[in-house]
Amino acid sequence: AARSAAVPQAATKEARGASDRMAMVDRHAALVLAAGDPLVDVSVTVDDDETISKLDERSGNPSFERGGCESVSGGQIGAILSAVREDLGLEPKVCAGGSASNLAKAIAMLRKQEGFEPNAAFFGCRGNDEDGAYFARELDECGVRTIGPIAENARTGTCLCLVSGQTGERTMRTCNGASALVCAEDWPPASSHQQGLVGVDHVHAEGYYFRNPDLMRKILVTPTPKNATKSVDLASFELVRSKRDEIWALLAPRDGDPDAKTLVDILFCNKDEAEAFVGERDLEVLSRLASVVVVSLGAE
């Protein structure tokens, strides 16, 4: 179970009311726009962690860490899937995925359960292929509108999710495909429920967009007609390790300016991502980056 960490005290005070504020967002049917990688998730639950390591060997890179997310080629995903089907006799489950689209779907479904309009949208670059059409159709069935560029000569991204039957831990291997082609010039989107960002009350950008700092910056600094609040997550500990300096430079207010406003209202991360991000510093430094910081602690 995840809970808000009592880490940065300044953030914790704000975080206590976060669920209440989200409930208010639901009641007022605010439009939430989530931006990220549109992926087709292919998931399979295996018996133990050793099996996951053996599957990684089939990809040609046995050094991958368990529990995180690594970028791989389509061929590597194909090799692992062949081992899953041929060696383990398992058939993976398929669904529309990606962390931002999962957020949009969750918001839409929760609102429908409460009798409200879904009012959620997703932005990302997908391919002009069967997987891209499937992705948009799945989100539409959840009440989420899919917007953003469609790449004519690229395949929609895929994420292979290996779930440990022992611990429930997820190990992800992702081929971004068309989603890697999205760029700063694609933002703001040409349309959401209304033209541009009109009507958008909250924008969430998934942390994998930190791989493209220009795009992430544009999402965070572009003004919206309704002065939308904005949130980001830290994606994975691997991405944090590789992009720590860029993330810090983007999120931290200018040093020496106590009145500098942060670009982010809410920062989400888990314990591993938080520790990878702050390094030797105290977790308290996270409170400098957003008005609200939420750290999930897993079983703790």
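Everything below is about the structure printed above this text.
Residues numbered from 1 in each chain as written. Predicted model: local features only at pLDDT ≥ 70, side-chain atom pairs only at ≥ 80, totals over all residues. Heavy atoms only, no water.

Draft legend 1. The arrangement of the packing of helix α7 (residues 213-221) against helix α8 (residues 237-251) in detail. For the pair α7 and α8, interaxial distance at closest approach is 11 Å and the crossing angle is 20°. Classified by the angle between their axes, α7 and α8 sit roughly parallel to one another. For the pair α7 and α8, the crossing hand works out as right-handed. Contacts between α7 and α8 involve Pro213, Met216, Arg217 and Leu220 on the former and, on the latter, Ala249, Leu250 and Leu251. Partitioned by chemical class, the residues of the contact of α7 with α8 number 6 nonpolar, no polar and 1 charged. (Axes fitted to C-alpha atoms, helices over the stretch in contact; angles between N-to-C directions. Helix = DSSP H or I, 4+ residues; strand = E, 2+ residues; numbered from the N terminus. Parallel < 35°, antiparallel > 145°, perpendicular 65-115°, else oblique. Left-handed = near helix turned anticlockwise from the far one by under 90°. Contact = heavy atoms within 4.5 Å. Nonpolar A, V, L, I, M, F, W, Y, C, P; charged D, E, K, R; others polar.)

Draft legend 2. Seen up close, unusual backbone geometry. The amide bond that connects tryptophan 187 to the next residue, proline 188, takes the cis arrangement and shows omega of 0°. Positionally, proline 188 belongs in the loop between β10 (170-177) and β11 (200-205). The residue asparagine 119 is not glycine, and still its phi comes out positive at about 45°. Along the polypeptide, asparagine 119 turns up in the loop between α5 (99-113) and β5 (120-123). Residue asparagine 119 is classed as partly exposed on the basis of its relative accessible area, which comes to 22%. The backbone phi angle of asparagine 227 is positive, close to 55°, even though this residue is not glycine. Relative to the elements of secondary structure, asparagine 227 occurs in the loop between α7 and β12 (229-233). (Buried < 20%, exposed > 50% of the residue type's maximum accessible area, 1.4 Å probe, protein only.)

Draft legend 3. Highlighting the nonpolar core. Formed by 55 residues in total, the largest nonpolar core has its most connected members in Trp187, Phe210, Val232, Leu251, Leu267 and Leu286. Ranked by the residues each element gives to this core, the list is headed by α8, at 7 residues. Once residues lying within four places of it in the same chain are set aside, the contact partners of tryptophan 187 are Leu33, Ala35, Phe123, Leu197, Val203, Leu215, Lys218, Ile219 and Thr222. With 13 residues, the next largest nonpolar core counts Val42, Val46, Ile77 and Leu162 among its residues. (Core = buried A, V, L, I, M, F, W, Y, C linked by side-chain atoms within 4.5 Å.)

Draft legend 4. Quick look at the packing of aromatic side chains. A full pass over the atoms with the stated rule returns 3 aromatic pairs. Ring centres of phenylalanine 122 and phenylalanine 135 lie 5.4 Å apart, and the angle between their planes is 55°; on these two criteria the pair is classed as tilted. Separated by 13 residues along the polypeptide, phenylalanine 122 in strand β5 and phenylalanine 135 in helix α6 (residues 130-142) bring together distant segments of the chain. Neither residue differs from the other here; phenylalanine 122 and phenylalanine 135 are each classed as buried. Between the aromatic rings of tryptophan 248 and phenylalanine 277, the centroid separation amounts to 5.6 Å while the plane-to-plane angle is 50°, which identifies the pairing as tilted. You can see tryptophan 248 sitting in helix α8 and its partner phenylalanine 277 sitting in helix α9 (residues 271-278), a full 29 residues away along the chain. Against the face of tryptophan 248 rests arginine 281, its NZ or CZ located 4.3 Å from the ring centre. (Phe/Tyr/Trp six-rings, centres within 6.5 Å; stacked < 30°, edge-to-face > 60°. Lys NZ or Arg CZ within 6 Å of the ring centre and 35° of its normal.)

Draft legend 5. Representation of the state of the cysteines in the model. Scanning the model with the defined rule gives 0 disulfides in all. The thiol of cysteine 161 is unpaired, and the distance to the nearest cysteine sulfur, on cysteine 159, comes to 6.0 Å. (Disulfide = S-S within 2.5 Å.)

Draft legend 6. Seen up close, the sheet that holds β11. Read from one edge of the open sheet, 7 strands run β7-β5-β1-β11-β12-β13-β14, paired in parallel fashion. In this open sheet, the two edge strands, each paired with only one partner strand, are β7 (144-147) and β14 (290-296). On average, adjacent strands in this sheet sit at an angle of 20° to one another, irrespective of strand direction. Looking at chain direction, β11 and β12 are connected through 4 bridges and run parallel. Opposite valine 203, over in β12, you have lysine 230 as the bridge partner. Along the sheet, α6 contacts β5 and β7; its crossing angle with β7, the most-contacted strand, is approximately 150°. (Pairing = 2+ DSSP bridges.)

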